[in-house]
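# Coordinates in review
One-letter residues, chain by chain:
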Amino acid sequence: MKILVVGGGGREHTIVWKLAQSPRKPVLFCAPGNAGIESMATCVPIKAEDIAALKDFVIREQIDCTVVGPEVPLALGIADEFRRAKLKIFGPTKNAARLEASKTFSKDVMAQAKIPTARAKSFDKAAEALAYLEQHELPVVIKADGLAQGKGVIIATTREQACEAVIDAMEKGVFGQAGKQVLIEQFLNGEELTIMAFTDGQTVVPMLPAQDHKRVGDGDTGLNTGGMGAYCPAPLGTPALREHVARAVLQPIVETMSRLGSPFQGVLYAGLMVVNGMPYVLEFNARMGDPETQVVLPLLKTDLLDVIEAVIEHRLDQLSVEWHHDTAVCVVMTSGGYPGQYQNGFPLHGLQSEAAAHALVFHAGTARKNDAVVTAGGRVLGITGLGATLKKAQAEAYQAVSAISFERCHYRKDIAHRAVTS
Ligand SMILES: Nc1ncnc2c1ncn2[C@@H]1O[C@H](COP(=O)(O)OP(=O)(O)O)[C@@H](O)[C@H]1O
Ligand SMILES: [Mg+2]
């Protein structure tokens, strides 16, 4: 069996690594992949967004199944295109992926499905958004409607900041087309939690709850990033809360999407804010999270390939999905300067060290240059430690992190601190 994984970050390395463990021994390909993925899959130099080239490749290589990592190809309609050509693909259609690609659409569906979420109003005229802001309580959240690589959300503590965010998005076009429409949303004060789920459009199988760290600096300070680390299971996601999220969030959104004629198939990601024990949806994503995948998939006991096939063939109800009782902590190592300007091309040291071998080293932004592995992105590596307790997993991860180095490397020293100290 031949499988193509689309993407080339830490999430895709984790997916490839997990598929490589399948007893069914699939032959793996990844487009475009990275220097870590290379050791487990044949990397193909096709961009994740180049749907036509990916389709040609899949037909030419007789790939049996394609697994899509990132959101952009899904939003561009890769699943529709592949299904039209009778090619098996794991990931939602363009219409279903709008749950992520349009925050306004997502709020509309949440309202129809009666899902608890922050109150919000959508605007496509700057003047109306600015007028609405005059009466809004502070802080207030301004969100670009479309995909903005995690940069489209501003939490404004003053009215001036809020107005500036609206003008930046709607008039100055700093998020391009994605910011032509904005959502002005009520600020929720609580603790964030991620619950992802496999779904075939009918059956929903929640994964273990995870928490990620978005800010660049220790103590959750500094700029927002794509994610500096994550851990799983997050104690905040108690069995009761997970049950509640499955019943009050995941099941109704999946049912509503099917009823609207856009059944969602693949991984549905619920980004939640837990306020006084009650979960509110901040957003849905139409794929696995990065770096949440790096802590959730290692704990999946069931063969991922079986899960993927059950989703594609609409028989998820017949599969029992099981999890290890371990815990996982992932520490992301980034290029100095990220999420701002940074330099690529620094060689990585210590990847083959004994300490590194104790942990799972997932590559994100790396490339091969002659015989060396060099940095090639903001987030360079995700190091996942496993252990019976989060404290042990955290120690494993940091031990490996300290054995690996590259020039101007940065990482947070406090990943999973909330769960470990409490
Ligand atoms: N209503 C809200 N109240 C408080 N914080 C929010 C709210 N909405 C978003 N945030 C914060 O902003 C981050 C990004 O928002 P999110 O809706 O997840 O958009 P995206 O991931 O597309 O940037 C969240 O992870 C959360 O920290
Ligand atoms: Mg988010």
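Residues numbered from 1 in each chain as written. Chains lettered and ligands numbered in written order. Predicted model: local features only at pLDDT ≥ 70, side-chain atom pairs only at ≥ 80, totals over all residues.

As a further point, take the overall build of the protein. Along the backbone of the protein there are 14 helices and 21 strands. Taking 22 Å as the expected radius of gyration for a compact globule of 422 residues, we find that the protein reaches 21 Å, a close match to that expectation. Looking at the protein residue by residue over its 422 residues, the buried ones come to 50%. (Helix = DSSP H or I, 4+ residues; strand = E, 2+ residues; numbered from the N terminus. Rg over C-alpha atoms; globule rule 2.2 N^0.38 Å. Buried ≥ 20, exposed ≤ 12 C-beta atoms within 10 Å, placed from the backbone.)

By way of backbone hydrogen bonds, the strands of a sheet pair with one another, either parallel or antiparallel. Taken in spatial order, the four strands make up an open sheet running S11-S10-S14-S15, and their pairing is antiparallel. Taken across any chain shown, the strands that pair with only one partner, and hence form the sheet edges, are strand S11 (204-206) and strand S15 (278-285). Here the average twist between neighbouring strands, direction ignored, is 35°. As defined by bridge partners, strand S10 (residues 191-199) adjoins S11 across three bridges and the pair is classed as antiparallel. Within S11, the residue paired with Phe-198 across the bridge is Val-205. (Pairing = 2+ DSSP bridges. Axes fitted to C-alpha atoms, helices over the stretch in contact; angles between N-to-C directions.)

Residue alternation in strand S4 (residues 65-68) divides its side chains into two sets, Cys-65 and Val-67 and Thr-66 and Val-68, and both sets are buried. When strand S1 (residues 2-7) meets S4, the two strands line up parallel, connected through four bridges. Counted as the bridge partner of Ile-3 is Cys-65 from S4. Pairing of S4 with strand S5 (residues 89-90) involves two bridges; the strand directions are parallel. Counted as the bridge partner of Thr-66 is Ile-89 from S5.

If you check helix H13 (residues 390-403), its first and last C-alpha atoms are 20 Å apart, about what 14 residues at 1.5 Å a residue would give, namely 20 Å. Among all positions of H13, only Leu-390, Ala-393, Gln-394, Glu-396, Ala-397, Tyr-398, Ala-400, Val-401 and Ala-403 are buried. (Expected span 1.5 Å × (residues − 1).)

Quick look at the domain arrangement of the protein now. One can read the domain layout of the protein as domain 1 (2-93), domain 2 (119-186), domain 3 (191-318) and domain 4 (327-421). A straight line from the C-alpha centre of domain 2 to that of domain 3 covers 26 Å. (Domains from an automatic or database assignment.)

Here the focus is the site of ligand 1. The full set close to ligand 1 counts 16 residues, and Ala-118, Val-153, Leu-188, Leu-282 and Glu-283 are the nearest of them. For the shell around ligand 1, the per-class residue count stands at eight nonpolar, four polar and four charged. Per-domain counts for the shell around ligand 1 show at least three residues from each of domain 2 (119-186) and domain 3 (191-318). (Near = placed C-beta within 6 Å. Nonpolar A, V, L, I, M, F, W, Y, C, P; charged D, E, K, R; others polar.)

Here the focus is the nonpolar core. Note on soluble globular proteins: their nonpolar side chains tend to be buried together. One finds Tyr-231, Val-329 and Val-331 to be the most contacted residues of the largest nonpolar core, which totals 131 residues. Broken down by element, this core gets its largest block of residues, seven residues, from H13. Those residues in contact with Val-329 that lie beyond four places of it in its chain are Tyr-231, Val-295, Thr-384, Gly-385, Leu-390, Ala-393, Gln-394, Ala-397, Ile-415 and Ala-416. (Core = buried A, V, L, I, M, F, W, Y, C linked by C-beta atoms within 7 Å. Contact = placed C-beta atoms within 7 Å.)

Before going further, it helps to spend a moment on the sheet that holds strand S8 (residues 153-156). Strand order in this open sheet of four strands is S6-S9-S7-S8, and the pairing throughout is antiparallel. What marks the edges here is a single partner per strand, and that holds for strand S6 (120-123) and S8. Put simply, the sheet's adjacent strands are angled 20° from each other on average, direction ignored. One ladder, built from four bridges, connects strand S7 (residues 140-144) with S8; its direction is antiparallel.

Another point: the environment of Met-110. Counting through the fold element by element, Met-110 comes out in helix H6 (residues 103-112). Residues in contact with Met-110, not counting those within four places in the same chain, are Ile-115, Thr-117, Ile-253 and Val-281.

With that settled, the discussion passes to unusual backbone geometry. Pro-139 follows Leu-138 through a cis peptide bond whose omega is -10°. Turning to its location among the elements, Pro-139 is positioned in the loop between helix H7 (126-133) and S7. Between Asp-290 and the following residue, Pro-291, the backbone shows a cis peptide bond with an omega angle of 20°. Assignment of secondary structure puts Pro-291 in the loop between S15 and helix H10 (292-296). Backbone geometry at His-314 places phi at a positive 55°, although glycine is not the residue there. On the secondary structure map, His-314 appears in the loop between helix H11 (304-312) and strand S16 (327-335). At Asn-370, a position not held by glycine, the phi torsion is positive, near 55°. Here Asn-370 is to be found in the loop between strand S18 (366-369) and strand S19 (372-375). Owing to 5 C-beta atoms within 10 Å, Asn-370 belongs among the exposed residues under this scheme.

Turning our eyes to something else, we now look at the environment of Leu-188. Here Leu-188 shows up in the loop between strand S9 (182-186) and S10. By the C-beta count within 10 Å, which is 17 here, Leu-188 ends up partly exposed. In this structure, the C-alpha to C-alpha distance between Leu-188 and Ala-41, residues 147 residues apart in sequence, is 42 Å. What Leu-188 contacts, discounting residues up to four positions off in sequence, is Ala-118, Met-273, Val-275 and Tyr-280.

This part is about the pairing of strand S13 (residues 221-232). Two strands pair when backbone bridges link them, and strand S12 (residues 211-217) and S13 are joined in this way by five bridges, in the antiparallel orientation. When the sheet's bridge partners are listed, Asp-212 is paired in S13 with Ala-230. Relative to S16, S13 is paired through four bridges, and the arrangement is antiparallel. By the bridge assignment for S16, Gly-229 is matched with Val-331.

Along the polypeptide, Leu-386 turns up in strand S20 (residues 379-387). C-beta crowding within 10 Å serves as the criterion here: with 19 such atoms nearby, Leu-386 is assigned to the partly exposed category. It is 38 Å that separates the C-alpha atoms of Leu-386 and Val-140, two residues lying 246 residues apart in sequence. If we ignore the near neighbours within four places in the chain, the residues touching Leu-386 are Pro-298, Asp-326, Ala-328, Ala-393 and Glu-396.

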